[in-house]
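Single-letter residue listing:
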Amino acid sequence: MDNHIKYIIIFALFSFSLFAETISKAQPNIILIMADDLGYGDTGFNGNKVIQTPNLDQMANDGAILTNFHAGAPVCSPTRGSFLTGRHPHRYGVFWANIGHLPKEEITLSEILQTKGYATGHFGKWHLGTLNKEFSSKGQKRKPAENYSPPSSHGYDRSFVTESAIALWDPAKGKRAVNNPFWLDGIAQDPNDKSLAGGASRVVMDKVLPFINHAVQQQQPFFTVIW
C-alpha cells in the first residue's frame, strides 16, 4: 500500500468494536483483522518470548493496545456476529458456533459504510451462516437452506470466504476442505486451482490486496474484513 494513503488497521483478539463514528470527511480506510484462536499472551507485544509476531508487534507499536477490550461471546460465530453488528448474540440468534445464522435484517458495519461510499470486502473465514443452500461443511444437520446467509446479504461488494474453519496449509485440500470450499463472490472455487495451494494466510491475502489496490485506483475508501 502506498505510504501516502490514510488507513486504519484494527487488530482483534476475538474482540468487538464499532467504528461508524470514526468516519469523517476524510473517510479513512478501515481494515479489521481477527485472528482465530490467538490468545492474549501469544504475541510479542504482550510479552511472549517464544512465538515470533514481528508484524503484529509493529502494528501495536504504531497504534494503540486496548487492554480492557472484551469479546462478545466465548466462541467463534457469536463473537463474529457481535463484531459486525455491535449486538449481543442472543439478539440475533447465533448462540454458538455453527448454530443459526446472521439474519438479513441485522444492520452490519459493512452496510453502514456502503452508504458512505465505501468499497466493502470480506476475506477468509465467514462462519455466520452457510454459503450454499444445498450443502454445508457441517453436513445436512446444519440445515444449509434454512441457514443460508452469505456475505453478499450483509453489505459486502466482494468476498472470498469459507463457511467454517480451514487448514493452515493447502486449505483447499484434505479433510478440512470437505464440503468447505473457498467461495469467490458466491462461486465455489476449484480445489485444484494452484492459487489455493500453500499457506492459507497467503491464499487469503492474494485476494485482499487486489481489492485494496482497485479501491485505491478508483480513489474510493475501503472497508476490508480479514478473518
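Here the structure is shown first, and the text comes after it.
Computed from a predicted model, the values in this text were never measured in an experiment. (Residues numbered from 1 in each chain as written. Predicted model: local features only at pLDDT ≥ 70, side-chain atom pairs only at ≥ 80, totals over all residues. Heavy atoms only, no water.)

K.L.:
Could you clarify how one ought to interpret helix α2 (residues 76-85) in this entry?
P.N.:
Given 3.6 residues per turn, any residue in an α-helix points the same way as the ones three and four places further on. Burial of α2 is extensive: 10 of the 10 residues sit out of reach of the surface. Looking at α2, one finds that the buried residues are Cys 76, Ser 77, Pro 78, Thr 79, Arg 80, Gly 81, Ser 82, Phe 83, Leu 84 and Thr 85. Taken from the residues just after α2, Gly 86 is the one with a positive phi, measuring 75°. (Buried < 20%, exposed > 50% of the residue type's maximum accessible area, 1.4 Å probe, protein only. Helix = DSSP H or I, 4+ residues; strand = E, 2+ residues; numbered from the N terminus.)

K.L.:
Looking at this model, I keep getting lost on the pairing of strand β3 (residues 119-125). Mind explaining?
P.N.:
Two faces, one strand: in a regular strand the side chains alternate between the faces of the sheet. Of all 7 residues that make up β3, 7 are buried, and the element is covered over most of its length. In the sheet, β3 pairs with strand β4 (residues 158-162) via 5 bridges, with the strands oriented parallel. Note on β4: the bridge partner recorded for Gly 124 is Val 161. (Pairing = 2+ DSSP bridges.)

K.L.:
I'm lost on the environment of Thr 224 in this one. Help?
P.N.:
For Thr 224, the position within the fold is in strand β7 (residues 222-226). With relative accessibility at 0%, the residue Thr 224 sits in the buried group. Measuring from C-alpha to C-alpha, the distance between Thr 224 and Ala 119 comes to 8.2 Å, with 105 residues separating the pair along the chain. Residues within four places of Thr 224 in sequence aside, it is in contact with Ile 30, Ile 31, Leu 32, Gly 121, Phe 123, Val 208, Phe 211 and Ile 212. (Contact = heavy atoms within 4.5 Å.)

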